[in-house]
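Take a look at the letters that make up each chain.
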Amino acid sequence: MTDPMANPRIIDGKGFAAELTARVATAVATLVPLGLVPGLAVVLVGEDTASQIYVRNKARQTVAAGMRSFEHRLPAETSERDLLALIARLNGDPGVHAILVQLPLPPQIDSEAILMAIDPAKDVDGFHPINVGRLVTGAAGSVPCTPLGCMLLLEHRLGGALAGLEAVVLGRSNIVGKPLATLLLRAHCTVTIAHSRTRELAGVCRRADILVAATGRPGLVRGDWIKPGATVLDVGINRIEGPDGKARLVGDVDFEAALKLAAGVTPVPGGIGPMTIACLLRNAVTLACRQHGLAPPAM
Ligand code: NAD
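Treat the numbers as computed from the prediction; the structure is a model and nothing was measured. (Residues numbered from 1 in each chain as written. Predicted model: local features only at pLDDT ≥ 70, side-chain atom pairs only at ≥ 80, totals over all residues. Heavy atoms only, no water.)

Enquirer: Quick question: what am I supposed to make of the packing of helix α2 (residues 49-64) against helix α10 (residues 272-291) here?
Expert: To describe two helices that pack against each other, one gives the angle between their axes and the distance between the axes. One can describe the packing of α2 onto α10 by two numbers: an axis separation of 10 Å at closest approach and a directional angle of 50 degrees. As judged from the angle between their axes, α2 and α10 are oblique. In this structure, α2 crosses over α10, and the sense of that crossing is right-handed. For the pair α2 and α10, the contacting residues are Asn57, Lys58, Gln61 and Thr62 in the first and Ile277, Leu280 and Leu281 in the second. Residues belonging to the contact of α2 with α10 are distributed by class as follows: 3 nonpolar, 3 polar and 1 charged. (Axes fitted to C-alpha atoms, helices over the stretch in contact; angles between N-to-C directions. Helix = DSSP H or I, 4+ residues; strand = E, 2+ residues; numbered from the N terminus. Parallel < 35°, antiparallel > 145°, perpendicular 65-115°, else oblique. Left-handed = near helix turned anticlockwise from the far one by under 90°. Contact = heavy atoms within 4.5 Å. Nonpolar A, V, L, I, M, F, W, Y, C, P; charged D, E, K, R; others polar.)

Shown next, in the form of structure tokens:
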């Protein structure tokens, strides 16, 4: 049922991400003759299985797009000092244009100190406070990958006609909810951020022309929370046990119910997840160009 070809209401994030990745690869091919091979360093601390899969995927797609991938896998007991020393080396390495530290980090490491230590010019995730400030003020900086993926998908789906729409973002995290709300505001939407303390959540969601769920609560958004004709983006990635006893991935939205009412809804998997990785590659190329005083190619 998640085959986008089978139902035009399914927003094909996977297909759009593949097109974006192809455009990134074309952009890289124009940079290589200029002597610029964009380099992305990914740092993983510990043995978390999901994180290992993400990191492997990111490295594979980075290389497939013609870029350089630098993987740094450190043991779970790595000290904050050692991680800071690695970040300092990557900051100073001219072959590394973009740095990503996979979160979450083990408890002995202060994530904020690590994110602060990344050179803002190489901060591919856009989590450094300088880039957060640039996002809010509208200056050029790094835009976090998942929110950027949501916006590109929305602009593609709605033909750029976002101005004046009611947008409701469920979730207020620093990595998804808050930056996405800022981007929607920059696109002239009327934005509401809802969260675990919001009253009348269903009623708030029913106002939304654009509803984004980023809570990590499987099936939280039910069919009767969705305004007919709304566009629904499901950012949630939740591993639950299916009826057959096997683990499967679901989002925060009751997908089958949403399909009946929404004009469009992203599936999980195959929606926002692939867009996040495509945007990571896009961001890395943009950062590499800026560091070399080049205008980033259209992607
Ligand atoms: P988080 O735990 O940091 O934040 C969750 C937010 O949801 C909080 O702001 C909380 O207030 C809100 N919330 C929790 N329960 C709620 C409820 N019952 N009603 C209303 N709001 C509620 O999570 P996060 O890092 O923002 O991630 C959210 C989800 O998105 C997770 O499932 C995560 O795996 C997924 N995610 C997916 C991608 C992707 O590439 N698709 C990227 C990042 C995160």
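Enquirer: What should I look at first to understand the packing of helix α6 (residues 145-158) against helix α7 (residues 177-186) in this one?
Expert: Across the interface, α6 lies against α7 with an axial gap of 9 Å and an inter-helix angle of 35 degrees. Here α6 runs over α7; the crossing is right-handed. Only Pro179, Leu180, Leu183 and Leu184 of α7 make contact with α6, whose side of the interface consists of Pro147, Leu148, Cys150, Met151 and Leu154. Within the contact of α6 with α7, the residues separate by chemical class into 9 nonpolar, no polar and no charged.

Enquirer: So what exactly am I meant to see when it comes to the site of the ligand here?
Expert: Around the ligand, the structure places 21 residues, and the nearest of them are Arg172, Ser173, Val235, Ile237 and Thr276. Serine 173 places a polar side-chain atom, nitrogen or oxygen, 2.5 Å from an oxygen atom of the ligand. The separation between an oxygen atom of the ligand and a polar main-chain atom of isoleucine 237 is 3.0 Å. Across the complex, the protein chains shield 73% of the 850 Å² of accessible surface that the ligand would expose by itself. Placement of the ligand is best described as lying within the largest pocket. Top element by residues in the shell around the ligand is α10. It accounts for 3 residues. Residues that form the shell around the ligand fall into these classes: 8 nonpolar, 11 polar and 2 charged. (Near = heavy atom within 4 Å. Polar contact = N/O pair within 3.5 Å; in protein donor to acceptor, adjacent residues only side chain to side chain. Areas by Shrake-Rupley, 256 points an atom, 1.4 Å probe, with all protein chains shown as cover. 1 Å grid on protein atoms, 1.4 Å probe; cavity = no way out; pocket = protein on both sides within 12 Å on 5 of 7 lines; lining within 4 Å. Sits in = over half its atoms within 2 Å of the grid points.)

Enquirer: Can you walk me through unusual backbone geometry in this structure?
Expert: With the exception of glycine, the majority of residues adopt a negative phi angle, and the majority of peptide bonds are in the trans configuration. For the peptide bond that leads from leucine 103 to proline 104, omega is 0 degrees, which places it in the cis range. The phi angle at histidine 188 is positive, at roughly 70 degrees, despite the residue not being glycine. Inspection of the secondary structure puts histidine 188 in the loop between α7 and β5 (190-194). A positive phi is found at glutamate 200, a non-glycine position, where the angle reads about 55 degrees. Position of glutamate 200 relative to the elements: it lies in the loop between β5 and α8 (201-206).

Enquirer: What is the right way to look at the layout of surface pockets in this model?
Expert: Any empty space left between atoms is shown by rolling a water-sized probe over those atoms. In this structure, the largest pocket occupies an estimated 1,400 Å³ of space. In terms of lining, the largest pocket is formed by 48 residues, of which the most central are Tyr54, Thr146, Ile237, Gly273 and Thr276. Broken down by secondary-structure element, the contributors of at least two residues to the lining of the largest pocket are α1 (13-31), α2, β3 (98-101), α6, β8 (238-241) and α10. Broken down by element, the lining of the largest pocket gets its largest block of residues, 7 residues, from α2. For the lining of the largest pocket, the per-class residue count stands at 26 nonpolar, 15 polar and 7 charged. Put simply, the second largest pocket is a space of about 440 Å³. (Points joined across faces, edges and corners; volume = space filled by probe spheres on them.)

These values are about where atoms sit, not about what they do.
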